[in-house]
Amino acid sequence: MPLKNYSLLKGKASNIAIDDDESPHLEIRIEAAGVSYRVAINVRSNVSPHDLLYRKQAPFAHPFLDEFLHLPEGRTDLNNELPELVLDYVRGNFVQREAMKIAPFQRTGPDNDLRDYLEPIIREGIEDNSITFYAFGEAWGPETGEVDKYFGFTPGNGIHDIHMNQGSGGRFKGSNGVNQDGALFIHFGATNHWAAVFLAFQSQSWNTDSHTGHPLDDTLVEPGKINPLQPGVAIVAALINPTGHEDGRESVTLLNRTDADVQINGWKLIDRDERAQILVGIIEAGDTIRIALHGGAENPHLRNKGGEIRLVTPDGVVAHAISYKKHEAAREGWTTVF
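Below or above, wherever it landed, is the structure these notes cover. (Residues numbered from 1 in each chain as written. Predicted model: local features only at pLDDT ≥ 70, side-chain atom pairs only at ≥ 80, totals over all residues. Heavy atoms only, no water.)

### Things to note about the pairing of strand 18 (residues 306–312)
Where we set the bar: In this scheme, a residue with accessible area under 20% of its type's maximum is buried, one over 50% is exposed, and one in between is partly exposed, where area comes from a 1.4 Å probe on protein chains only. The way it works is that DSSP assigns letters per residue, a run of H or I at least four long becomes a helix, a run of E at least two long becomes a strand, and they are numbered from the N terminus. Strand pairing is assigned whenever DSSP detects at least two bridges linking the two strands.
Among the seven residues in strand 18, seven count as buried, and that is most of the element. Of the two faces of strand 18, both are covered, the one formed by Gly 306, Glu 308, Arg 310 and Val 312 as well as the one formed by Gly 307, Ile 309 and Leu 311. Pairing of strand 14 (residues 268–271) with strand 18, which is carried by four bridges, proceeds in the antiparallel orientation. The partner of Lys 268 across the bridge, within strand 18, is Val 312. Pairing of strand 18 with strand 19 (residues 318–325), which is carried by seven bridges, proceeds in the antiparallel orientation. Opposite Ile 309, over in strand 19, you have Ile 322 as the bridge partner. Where strand 18 hands over to strand 19, the hairpin turn is made up of five residues, of which Gly 316 adopts a positive phi near 90°.

### Some remarks on the packing of aromatic side chains
Threshold: Pairing of aromatic side chains here covers Phe, Tyr and the six-membered ring of Trp, requires ring centres within 6.5 Å, and sorts the geometry by plane angle: under 30 degrees stacked, over 60 edge-to-face, intermediate tilted.
Per the counting criterion, the structure on display carries 15 aromatic pairs. Centre to centre, the rings of Tyr 89 and Phe 198 are 5.5 Å apart; their planes meet at 85°, and the pair counts as edge-to-face. One end of the pair, Tyr 89, is in the loop between helix 2 (78–81) and strand 6 (101–103); the other, Phe 198, is in strand 10 (residues 193–201), and 109 residues separate them in sequence. Each member of the pair Tyr 89 and Phe 198 is classed as buried. Centroid distance Tyr 324 to Phe 338: 6.4 Å. Interplanar angle 40°. Geometry classified as tilted. Within this pair, whereas Tyr 324 is found in strand 19, its partner Phe 338 is found in the segment after strand 20 (336–337), the two being separated by 14 residues in sequence. According to the relative accessible area criterion, Tyr 324 is buried, its value standing at 3%.

### Re the sheet that holds strand 14
This is how the line gets drawn: Fitting a line to C-alpha atoms yields each axis, with helices limited to the stretch in contact; the angle taken between N-to-C directions then spans 0 to 180 degrees.
Overall, antiparallel pairing links the four strands, which are arranged 15-14-18-19 in an open sheet. This sheet does not close on itself; its edge strands, each paired only once, are strand 15 (276–278) and strand 19. If you compare each strand with its neighbour and ignore which way they point, the axes differ by 15° on average. Pairing of strand 14 with strand 15 involves three bridges; the strand directions are antiparallel. In the sheet register, Leu 269 faces strand 15, and the bridge partner there is Gln 277.

### Concerning the sheet that holds strand 17 (residues 288–292)
On the basis of which strands lie adjacent, the open sheet formed by four strands has the order 17-12-11-20 and antiparallel pairing. Two strands close off the open sheet at either side, each with one partner strand: strand 17 and strand 20. As paired strands, strand 11 (residues 233–239) and strand 12 (residues 251–256) are joined by six bridges and run antiparallel to one another. Bridging across to strand 12, Ala 234 finds its partner in Leu 255.

### A short note on the environment of Phe 136
Within the secondary structure layout, Phe 136 lies in strand 7 (residues 131–143). C-alpha separation for the pair Phe 136 and Arg 272, spaced 136 residues apart in sequence, amounts to 24 Å.

### Some details on the nonpolar core
The criterion, for reference: Nonpolar cores were defined as sets of buried Ala, Val, Leu, Ile, Met, Phe, Trp, Tyr and Cys residues, with membership established by side-chain atoms within 4.5 Å.
By size, the foremost hydrophobic cluster in this structure holds 33 residues, and its most contacted members are Phe 68, Phe 136, Phe 185 and Phe 198. Of all the secondary-structure elements, those providing two or more residues to this core are strand 1 (6–19), helix 1 (65–69), strand 7, strand 9 (183–188), strand 10 and strand 19. Among the elements that take part in this core, strand 10 stands out by supplying four residues, more than any other.

### Points about the pattern of salt bridges
Going by this rule: When a carboxyl oxygen of Asp or Glu lies within 4 Å of a side-chain nitrogen of Lys or Arg, that pair is called a salt bridge.
Evaluated as defined, the whole model comprises 12 salt bridges. The partner of Arg 91 in a salt bridge is Asp 88, with the nearest N and O atoms 3.3 Å apart. Since its relative accessible area comes to 2%, Asp 88 is described here as buried. Taking the shortest distance from any N to any O, the salt bridge between Arg 275 and Asp 271 comes out at 2.8 Å. Residues joined in a network through salt bridges with shared partners are Asp 88, Arg 91, Arg 272, Glu 274, Glu 308 and Arg 310.

### So, helix 3 (residues 114–127)
The test is simple: Residue count minus one, scaled by 1.5 Å, sets the expected span of a helix.
For helix 3, spanning 14 residues, the distance from its first C-alpha to its last is 20 Å, which sits close to the expected 20 Å at 1.5 Å a residue. Among the residues making up helix 3, those that are buried are Leu 114, Tyr 117, Leu 118, Glu 119, Ile 121, Ile 122 and Gly 125.

### Overview of the environment of Arg 123
Looking at the secondary structure, you find Arg 123 in helix 3. Here Arg 123 falls in the partly exposed class, since its relative accessible area comes to 44%. When the C-alpha positions of Arg 123 and Leu 65 are compared, they lie 23 Å apart, and in sequence the two are 58 residues distant.

### A closer look at the environment of Ser 168
Stated precisely, the cut-off is as follows: The contact definition used throughout considers only heavy atoms, calling two residues in contact when any of these lie within 4.5 Å. We call two N or O atoms a polar contact when they sit within 3.5 Å, provided that within protein one can donate a hydrogen and the other can accept it, with sequence-adjacent residues counted only if both atoms are side-chain atoms.
Inspection of the secondary structure puts Ser 168 in the loop between strand 8 (156–160) and strand 9. Considered as a pair, Ser 168 and His 214 are 46 residues apart in the sequence and their alpha carbons are 6.7 Å apart. Setting aside chain neighbours within four positions, we find Ser 168 in contact with Lys 173, Asn 176, Gln 204 and Pro 215. In terms of polar contacts, Ser 168 uses its side chain to reach the side chain of Gln 204, at 3.2 Å.

### Observations concerning the pairing of strand 9
The element strand 9 is extensively covered by neighbouring structure, given that six of its six residues are classed as buried. Burial of strand 9 is two-sided: the residues Ala 183, Phe 185 and His 187 facing one way and the residues Leu 184, Ile 186 and Phe 188 facing the other way are all buried. Pairing between strand 7 and strand 9: six bridges, direction antiparallel. Bridge pairing in strand 9 places Thr 132 opposite His 187. Inspection of the sheet shows strand 9 paired to strand 10 by five bridges, in the antiparallel sense.

Structure, rendered in structure tokens:
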């Protein structure tokens, strides 16, 4: 089942700790409206391959960031209070797997592991009170009478699963869900800019069911194997609301970002309701191709009130996925650029 308490924690960092056991985490103490919390960030996977996927985007930009500035400090139940602020790596166009890099927990040398990537920005936040942290994940507590085992405050209180929370198999399949991924956003108040940290496990599939978040059967990753990076083809535009009758007149534009031609025979465009259209053709290096959607009940449709488009390879790997809301659909006859 999905996460029970998918939440956003907003506050200031006051301390940091590293636990170096079989399931190591980087622990951050957060102060928010007079209450202490602990943010527990996975830095190593329990299953092979153990090194995580990591992406830091700085500066980070997104249309909804201004809304975060007006949120009160503390914990917000995203599903019940602010569902428009949920994160989904696969459908939300926040981060692409091919843009992430493999990052071990600790490795000799500078700037080559998760401690090197994460510790400096957290320690900067501890020193600079104008820096605010926003942690997405599953909340726990308050645990009445329980003392936090890392920072000693009471009651125990915090948030974890600060990583992608879908596409898992085996014993972790039970926490899969859509629109519940974790991440860490950081706002630098003195300069008014943002950074974002995205984490995922190499074993997770990025081709997931739109309702359950489970990996589709043909994309399960065997333990010890790495889910291959996606090809460099992206969805860059779509005609969502064509003039007049819409059925059979919608289209999706793809861009080949690579330096080699890409054959798309057998690739699919899939909508939120899992309707698929099989593609044919070649996209030349650096070029675009406009795919006309066939229309009809069995083929993908671009809903004017908001929807989703996934581009999937014949091997079942999600090459790119975007989601859009009603206000992001261009006016009638205009093409929406993503």
